[in-house]
Amino acid sequence: MIQRTLLPALFVFSFALCVFAAEPPEAQHILATLKPRHPRLLIDMAGFDALRERVKTDDRLKAWVHDVIDDADQLLGAKPVYYHLPDGKRLLSVSRAVVERSYELAFAYRMTGEKKYADRLWTEMRTVCAFDDWHPPHFLDTAEMTHGVAIAYDWLYDVWTPEQRKTMREAIARMGLTPALKYYREHTWWANVEHNWNQVCNGGETVGALAIGDEEPALAGEILAAAVRSVPKAMASYEPDGAWGEGPSYWGYATSYNTLMVAALDSALGTDFDLSEEHGYTLTALFPMYMTGPTGLTFNYSDAHPTMRTSPCLLWLAHRYDEPAAAWWGIHRMSPTVQSILWYRGDGQSPDALHLPLDRYWRGSEVVSFRTSWTDPQAMYFAMQAGSNRVNHNHLDLGSFVLDALGERWAMDLGSDNYNMPDYFGSKRYTYYRLRAEAHNTLVMNPDEGPDQNPRATAKIAAFSTNDDLGRAVADLTPAYDEAAKSVTRTVVFDRKSNQITLDDAIDPKAKTDLWWFVTTEATVELTDGDRTALLHRNDQTMRVTLIEPADAKFEVRSAEPLPTSPNPSMQATNDEARKLTIHTSIDKLTKISVRFEPVRK
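Residues numbered from 1 in each chain as written. Predicted model: local features only at pLDDT ≥ 70, side-chain atom pairs only at ≥ 80, totals over all residues. Heavy atoms only, no water.

What follows concerns a negative patch on the surface. On the surface, Asp67, Asp70, Asp71 and Glu100 cluster together into a patch of negative charge. Per-element tally for the negative patch: the top contributor is helix H3 (residues 59–75), with three residues. Within the element layout of this structure, Asp71 appears in helix H3. Of the residues examined, Asp71 reaches a relative accessible area of 34% and is grouped as partly exposed. (Patch = residues over 30% accessible without salt bridge, like charges linked within 9 Å, V, L, I, M, F, W, Y side chains within 5 Å. Areas by Shrake-Rupley, 256 points an atom, 1.4 Å probe, with all protein chains shown as cover. Salt bridge = Lys/Arg side-chain N within 4 Å of Asp/Glu carboxyl O. Lys, Arg positive; Asp, Glu negative; His and termini not counted. Charge placed at Lys NZ, Arg CZ, Asp CG, Glu CD. Helix = DSSP H or I, 4+ residues; strand = E, 2+ residues; numbered from the N terminus. Buried < 20%, exposed > 50% of the residue type's maximum accessible area, 1.4 Å probe, protein only.)

So, in structure tokens, the structure goes:
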């Protein structure tokens, strides 16, 4: 485990020698093993030579390389980026364009030797190195731009003239590394947090420092030593099983840069200072698999998106930690990128062939998922979270779930809203509909009395079991509703034998309580049997939803919009394609709501 506090330099060094074999040394020594030749970030010249040989005999690799070079060809006629904040707050889209262009153009040159790719890349570099800054007020922008320029500098080092190298090196130092020093020296903001900002900023800064470490050793050494001590704060969030509290999309973002950092340290220094041995990180390769249903949509809790581009880091993780199912899964969902080519080591093995368990409980993030098959696109899938309302990017969505069957998503999460709305990450966060419990597939109690879940609540999966026929989980949601209820539990029984899912909620109120039960869906809803059965129809498929208890309740269908008593600020996304299957009742004693979901097979 990496030491997580920055002690005085001399004490750190001596303490490390005695206790932590891979503890990073002092800043002035951390570059001692830096490889003198370029390229050294992720791959070296011998690696490029070997890759050109592999392409001759591996059809998948050949196709991927062809696609990337095609993309590089498209860039030859494209205008370089320019400094602008498209949303008024972030340079991030510009930085990401530079990262993508740097990889594709540098890679195309290394694979073909054609100077046109290097010339076009220099046009990009000359442009961004002439910017006044890389927008440090939103430091993700700076970190990603540093990453992009560092790759260009390192991979084509022998191609650039001394003057071109000087231009890029000085830009990395002045606009990439130097602005990071105050955060590292003061242990503030992203250098001290436990979420994706930490990994992205540390990853980008690490790559920049490794690129120019032999030419700017004092600056680069301080950056590297600080980054290696900082990133374990975020890596601890993978504990204990490899899940990620910010949801699958931010798992991809955080883990991509975490893996970039680890891989770059190893390639350039020959050590990652045991970062790759952080326990939760070693287990994380399977997480995006379990969080994705047979529809290809994720369980997009928090600010996550239902669709996500599979990160190439999954191939690195699969190889490093011997998870062939993760390699197989990633390859079949991955768009060809330069990193996917670098980290491709074969097709892996299907989860079915490996008898990978169908169900999983991820501790820490407190998420469960169940499925009937890994490979059948018509399979049934259910995922539910307990978790914490305090994590970065959270919604008030404890107890929420998604449901896939028959190739359709029947119970959905609307996802995030516009980050640029006033105080989206501040005091107005829970005034926005999509971030409130009422927008999710969970319970709401007394919605006119403030936030519809406790914003500080942490809930646990109290029980989990699985076998060939049945999966079961119980979420203790009491902390989310502690003002209104003495206890609240949500139990799911996933019956593979009967192809049914039963959801039971047990609510013991403290007083008379206005209770709402919601499921958001894009299906059309037909109510039958006195409004106690709902037939959800979508793309010529049907899901039957049956209200079992209470006997005096019934379903209704509402628009996917705030209740009349809820906040409803302007500027929010419209949810016109969705609607809510709803149960509304008043309770004053222990009450059970039991609902069964059953796909109607033709």
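That was the structure; now back to the text.
This part takes up the packing of aromatic side chains. A full pass over the atoms with the stated rule returns 33 aromatic pairs. Aromatic side chains Phe139 and Tyr183 sit 5.4 Å apart centroid to centroid with 70° between the ring planes, which places their arrangement in the edge-to-face category. Taken together, the residues span a long stretch of sequence, with Phe139 in helix H6 (residues 139–155) and Tyr183 in helix H8 (residues 181–186) at a distance of 44 residues. Across the pair, Tyr183 and Phe139 agree in class, each one buried. On the numbers, 5.9 Å between centres and 40° between planes, the contact of Tyr361 with Phe464 is tilted. In this pair, Tyr361 is assigned in strand E1 (residues 360–362) and Phe464 in strand E8 (residues 458–466), connecting sequence segments 103 residues apart. With a relative accessible area of 21%, Tyr361 lands in the partly exposed category. We classify Phe464 as partly exposed; its relative accessible area is 28%. (Phe/Tyr/Trp six-rings, centres within 6.5 Å; stacked < 30°, edge-to-face > 60°.)

Right, let's talk about the sheet that holds E1 for a bit. Across a sheet, strands are paired by hydrogen bonds formed along the backbone, either parallel or antiparallel in direction. The strand order across the open sheet built from five strands is E1-E2-E3-E5-E6, with neighbouring strands paired in antiparallel fashion. Across the chains shown, the open sheet's two edge strands, defined by having one partner strand only, are E1 and strand E6 (408–411). Averaged over all adjacent pairs, the angle separating strand axes in this sheet is 15°, with direction ignored. Note: strand E3 (residues 381–385) against strand E5 (residues 401–405), four bridges, orientation antiparallel. Along E5, the bridge assignment pairs Phe382 with Leu403. (Pairing = 2+ DSSP bridges. Axes fitted to C-alpha atoms, helices over the stretch in contact; angles between N-to-C directions.)

Owing to its 3.6 residues per turn, the α-helix aligns residues three or four sequence positions apart on the same side. In a regular helix each residue adds 1.5 Å, so 21 residues correspond to 30 Å; helix H4 (residues 92–112) covers 30 Å between its end C-alpha atoms and thus fits that length. Across the 21 residues that make up H4, a large majority, 16, are buried. Once H4 ends, the next one or two residues include Gly113, with phi positive near 75°. (Expected span 1.5 Å × (residues − 1).)

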